[in-house]
Amino acid sequence: MSNNRYRREIAQITGIFVRHGLPENEIIHLLGVSTEQFLRWKKSHPELAEALQATSTADRAEQALLKRALGFTINESSAEELVDKKSGEVLEVLKRRTITKDVPPDVRALLFYLQNRHPERWDRSHANSNWEYEAEESEKDL
């Protein structure tokens with residue numbers, strides 16, 4: 001792709017790269033163009049800019065699964081308010097709290113992710129069939 005002329009398939013290829021998680025600088029390198037050229041293309045071709053920002057529902061689901069598998073931190077905010085019983089109007093905010101919670105990694109989500117992302121390495125049906133135990137010389141003497 002060293003030709004510096006823009007073609008429509010560049011947007012399609014870029015979309016594939018984005019869905020596979022490649023950052024923009026790697027996409028530019030793979031396309032074989034300069035950063036300046038790529039930025040000009042992005043400004044003048046809306047389909048390229050859209051391809052860089054688009055993620056499918058499946059991609060978002062995969063990202064959420066991976067986030068759950070690896071664990072994450074979340075901030076929860078709450079407030080105690082003084083409310084007028086008759087009108088339901090908030091008169092005063094008494095306390096505001098922000099709590100940081102750590103959600104631990106989920107082993108089942110991680111296993112599910114790995115089995116679907118790399119089935120050749122994490123397939124459960126073949127896990128025990130390829131393993132053979134061969135006793136070492138010192139164990140054979142026992």
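The structure this text deals with has already been given above.
Residues numbered from 1 in each chain as written. Predicted model: local features only at pLDDT ≥ 70, side-chain atom pairs only at ≥ 80, totals over all residues. Heavy atoms only, no water.

Engineer: Let's hear about the pattern of salt bridges: which residues, and what values?
Structural biologist: Tallied over the full model, the rule gives six salt bridges. Among the salt bridges present, the one from lysine 42 reaches glutamate 24, with a minimum N-O distance of 3.2 Å. Note that lysine 42 is positioned in helix H3 (residues 35–44) and glutamate 24 in helix H2 (residues 24–31), a separation of 18 residues in sequence. Given the relative accessible area of 26%, lysine 42 is considered partly exposed. Across the pair arginine 68 and aspartate 106 runs a salt bridge whose closest N-O atoms are separated by 3.6 Å. Of this pair, arginine 68 sits in helix H5 (residues 57–70) while aspartate 106 is found in the loop between strand S2 (90–103) and helix H6 (107–117), placing the two residues 38 residues apart along the sequence. (Salt bridge = Lys/Arg side-chain N within 4 Å of Asp/Glu carboxyl O. Helix = DSSP H or I, 4+ residues; strand = E, 2+ residues; numbered from the N terminus. Buried < 20%, exposed > 50% of the residue type's maximum accessible area, 1.4 Å probe, protein only.)

Engineer: Outline the pairing of S2, listing residues and values.
Structural biologist: Note that strand S1 (residues 72–83) and S2 share 12 bridges and pair antiparallel. Pairing of phenylalanine 72 across the sheet is with valine 103, part of S2. In this structure, the hairpin formed by S1 and S2 is closed by a connection of six residues, where glycine 88 is found at a positive phi of approximately 80°. (Pairing = 2+ DSSP bridges.)

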